[in-house]
Amino acid sequence: QVQLVESGGRLVQAGESLRLSCAASGRTFSSYAMGWFRQAPGKEREFVASISGTGSSTFYADSVKGRFTISRDNAKNTVYVQMNSLKPEDTAVYYCAARSGFAYTSPREYLYWGQGTQVTVSS
């Protein structure tokens, strides 16, 4: 039983940085793996990053590796993604998601989803 709310999306210029937050409700946040996914117009939803319940394991899509960092603060029931060196191709609606167990990379493995936050990177 998890409710998720993303925030932080906005218009930025290429090369700039942005941090997205996802606030979760519930009493067992640390038992959930969390993921960030994104969807651009006309494209399928794709994996961005995921993190285990304890924060000990992280995974990244090749397209964002070295630029994005996922983290979580279980005391605040919040997961973050720090996005540096943003590119126009990063433009998308970004969603956070939660599941019990392993931090899988497929969106089909996640049961709980936020409503998304728009990130637009201009050239």
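Below is a short write-up of the structure. Everything numeric in this text was worked out from a predicted model, so none of it was measured.

Thresholds, definitions, all that
Residues numbered from 1 in each chain as written. Predicted model: local features only at pLDDT ≥ 70, side-chain atom pairs only at ≥ 80, totals over all residues. Heavy atoms only, no water. Helix = DSSP H or I, 4+ residues; strand = E, 2+ residues; numbered from the N terminus. Rg over C-alpha atoms; globule rule 2.2 N^0.38 Å. Buried < 20%, exposed > 50% of the residue type's maximum accessible area, 1.4 Å probe, protein only. Contact = heavy atoms within 4.5 Å. Areas by Shrake-Rupley, 256 points an atom, 1.4 Å probe, with all protein chains shown as cover. Phe/Tyr/Trp six-rings, centres within 6.5 Å; stacked < 30°, edge-to-face > 60°. Core = buried A, V, L, I, M, F, W, Y, C linked by side-chain atoms within 4.5 Å.

Assigned secondary structure in the protein chain consists of 0 helices and 11 strands. Of the regular secondary structure in the protein chain, the N- to C-terminal order runs β-β-β-β-β-β-β-β-β-β-β. Relative to the compact-globule value of 14 Å for 123 residues, the protein chain shows a C-alpha radius of gyration of 13 Å, a close match. Considering only C-alpha atoms, the protein chain reaches an extent of 40 × 25 × 25 Å along its principal axes. Every one of the 123 residues in the protein chain was classed for burial, and the buried ones make up 43%. Considering only contacts within the protein chain whose residues lie at least 6 apart along the sequence, 59% involve residues at least 24 apart. Accessible surface for the protein chain amounts to roughly 6,400 Å². Of this, 47% is attributable to carbon and sulfur atoms.

In total, this model carries 8 aromatic pairs according to the counting rule given. Ring centres of Phe37 and Trp113 lie 5.1 Å apart, and the angle between their planes is 50 degrees; this geometry places the pair in the tilted category. Of this pair, Phe37 sits in strand β4 (residues 32-39) while Trp113 sits in strand β10 (residues 112-113), and the two are 76 residues apart along the sequence. Note on Phe37: relative accessible area 0%, which makes it buried. Note on Phe102 and Tyr104: the rings are 5.0 Å apart at their centroids and 70 degrees apart in plane angle, and the pair reads as edge-to-face. On the accessibility criterion, Phe102 (46% relative accessible area) is partly exposed. Using a relative accessible area of 35% as the deciding quantity, one classes Tyr104 as partly exposed. Three or more aromatic residues joined by ring pairs make a cluster, and in this case those are Phe37, Phe47, Tyr95, Tyr110 and Trp113.

Grouped together as the largest cluster of nonpolar side chains are 35 residues, with contacts concentrated most on Leu4, Leu20, Met34, Trp36, Phe68, Met83 and Tyr94. Looking at this core, the elements that each hand over two or more residues are β3 (18-25), β4, β5 (46-51), β7 (68-73), β8 (78-83), β9 (92-100) and β11 (117-122). In contact with Met83, not counting residues within four places along its chain, are Glu16, Ser17, Leu18, Leu20, Arg67, Phe68, Tyr94 and Val119.

Mapped onto the secondary structure, Lys43 falls in the loop between β4 and β5. The sequence separation of Lys43 and Ala92 amounts to 49 residues, and the corresponding C-alpha distance is 9.6 Å.

Remember, this is a structural readout, not a statement about activity or role.
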